[in-house]
Amino acid sequence: MALQCKMGIFDNTNFKPFSLLIPVLLSLHAVPSFSNFTTFVFGDSLVDAGNNDYIFTLAKADSPPYGIDFKPSRGQPTGRFTNGRTIADIVGQSLGAKSYPPPYLAPNTESETILKGINYASGASGIMDKTGFFFIGRIPLGEQVNNFEQNRNYMVSAMGENGTREILKKAVFSLTIGSNDILNYVQPSIPFLGHEKVFPTTFLDFMISNLTLQLERLHEMGARKFIIVGVGPLGCIPFVRAFNLLPSGKCSSRVNALIQAYNQRLKKLLNRLNQEMGPDAIFVFANSYDVFMDILANYRGFGFENADEPCCGGYLPPFVCFKRGDANSSTSALCDDRSKYVFWDAYHPTEAANVIIAKQLVDGDESASFPINIRKLYNYN
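Residues numbered from 1 in each chain as written. Predicted model: local features only at pLDDT ≥ 70, side-chain atom pairs only at ≥ 80, totals over all residues. Heavy atoms only, no water.

An unreviewed UniProt entry lists the chain under the name GDSL esterase/lipase, with Hibiscus syriacus as the source organism. Annotation of the chain in UniProt includes, under Sequence similarities (unreviewed entry), the sentence "Belongs to the 'GDSL' lipolytic enzyme family." (UniProt positions renumbered as here; feature names shortened; annotations may be inferred.)

Dropping the structure here:
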């Protein structure tokens with residue numbers, strides 16, 4: 001999922017000891033050398049690596065069986081909203097990353113991780129600040145970009161403006177966000193809260209204008225290689241299908257039509273930015289919608305046995321995925337073979353599905369990533 005809001009509940013700047021970075025960056029001031037894939041990850045729970053573990057929120061993945069297949073943690077939860085690696089994790093590995101970008105709010109982040117990148121993503125967040133307010137805490141996209149700006153300021157103080165820009169122009173900036181904005185919009189309004197829905201076209205225009213602002217901010221700060229992931233077919237996720245009482249194999253055409261309209265606007269925006277800011281900067285549209293729909297339509301051909309039900313948490317409300325008691329006790333509605341399920345819980349794909357999606361985005365043709373795939377973006381000069 002994805003959501004958002006202001007950080008009045010907490011001051012996340014207190015969590016990040018980036019003063020520890022300065023000695024490392026100073027030692028690299030003369031001749032910076034970065035052999036590893038460097039990425040800065042922005043987004044929602046599809047790519048959250050644990051930021052929500054450090055805030056007061058109802059959107060958490062900090063208990064078993066989340067992370068059960070995540071090898072670096074030996075199967076313990078890391079705050080990722082899936083059973084293993086996220087798409088961002090897999091993309092990084094495919095391009096040579098030796099480790100995963102740590103969550104921005106993690107207090108034990110090693111100082112040199114700025115050279116590998118940082119993950120700013122937050123479950124329940126969205127492009128718009130009010131998205132996800134029911135979950136209380138979350139870090140909306142604008143706040144995530146603010147956090148990056150703080151990191152950048154430390155880099156400039158240690159390496160200078162030119163040295164910082166040399167690093168940033170080679171790094172990949174990925175944004176996977178917008179799902180929670182859509183989900184919040186399609187759910188029924190709550191009259192006593194006084195939130196009146198705008199027309200769908202107006203709502204989509206709000207999303208695009210707010211996203212444009214954040215992309216322009218990142219570009220002004222030195223970002224040059226962008227991946228913007230379109231919203232996937234949320235009308236087919238277990239939560240939406242159950243909410244709309246849809247039978248097996250059926251998706252909400254209303255929800256998917258709204259998403260396709262948003263993705264069309266997003267592609268138009270990125271084409272314009274490529275014309276205005278290229279060739280020094282490049283904006284890649286990652287077509288997760290069509291890639292995921294292909295998996296659902298041909299799931300058996302991809303090695304899956306179930307494309308309807310979540311592996312964990314069940315198909316009916318409240319969709320809770322958790323483990324009871326000690327390590328030897330049973331888990332709530334956990335499937336026998338996670339590799340055979342497309343969905344991990346009611347909202348998120350399994351690692352097995354993430355692997356297929358990531359492969360298409362990294363090495364696929366223009367139908368998956370446009371105007372170039374992610375591997376070509378990584379090598380783009």
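Draft legend 1. Here's a closer look at the state of the cysteines. The tally for this structure, following the rule as stated, stands at three disulfides. At a sulfur-sulfur separation of 2.1 Å, the disulfide partner of Cys 236 is Cys 251. Note on the Cys 236 and Cys 251 pair: the S-S dihedral is about 110°, so by sign convention the disulfide is right-handed. Of this pair, Cys 236 sits in the loop between β4 (225-229) and α6 (238-243) while Cys 251 sits in the loop between α6 and α7 (253-277), and the two are 15 residues apart along the sequence. Owing to a relative accessible area of 31%, Cys 251 belongs among the partly exposed residues under this scheme. Taken in N- to C-terminal order, the disulfide-linked cysteines of the chain are connected 1-2, 3-6, 4-5. (Disulfide = S-S within 2.5 Å. Helix = DSSP H or I, 4+ residues; strand = E, 2+ residues; numbered from the N terminus. Buried < 20%, exposed > 50% of the residue type's maximum accessible area, 1.4 Å probe, protein only.)

Draft legend 2. Here's a closer look at the pattern of salt bridges. By the definition in use, this model includes 11 salt bridges. Three or more residues are tied together by salt bridges with common partners; here these are Arg 152, Glu 161 and Arg 165. (Salt bridge = Lys/Arg side-chain N within 4 Å of Asp/Glu carboxyl O.)

Draft legend 3. Quick look at the side chain of Thr 82. On the secondary structure map, Thr 82 appears in the loop between β1 (39-43) and α2 (87-94). The class of Thr 82 is buried, set by a relative accessible area of 2%. For Thr 82, the side chain forms a polar contact with the side chain of Asn 83, separated by 3.2 Å. With sequence-adjacent residues up to four places away left out, Thr 82 is seen in contact with Tyr 66, Gly 67, Trp 344, Pro 349, Thr 350, Glu 351 and Asn 354. (Polar contact = N/O pair within 3.5 Å; in protein donor to acceptor, adjacent residues only side chain to side chain. Contact = heavy atoms within 4.5 Å.)

Draft legend 4. Fine view of the packing of α2 against helix α9 (residues 351-363). The contact between α2 and α9 brings their axes to 9 Å, and the two run at 50°. Classified by the angle their axes make, α2 and α9 are oblique. As α2 packs across α9, the resulting crossing turns out to be right-handed. Mapping the contact onto sequence places Ile 87, Ile 90, Val 91 and Ser 94 in α2 and Glu 351, Asn 354, Val 355, Ile 357, Ala 358 and Val 362 in α9. Each residue belonging to the contact of α2 with α9 can be placed in one class, and the counts come to seven nonpolar, two polar and one charged. (Axes fitted to C-alpha atoms, helices over the stretch in contact; angles between N-to-C directions. Parallel < 35°, antiparallel > 145°, perpendicular 65-115°, else oblique. Left-handed = near helix turned anticlockwise from the far one by under 90°. Nonpolar A, V, L, I, M, F, W, Y, C, P; charged D, E, K, R; others polar.)

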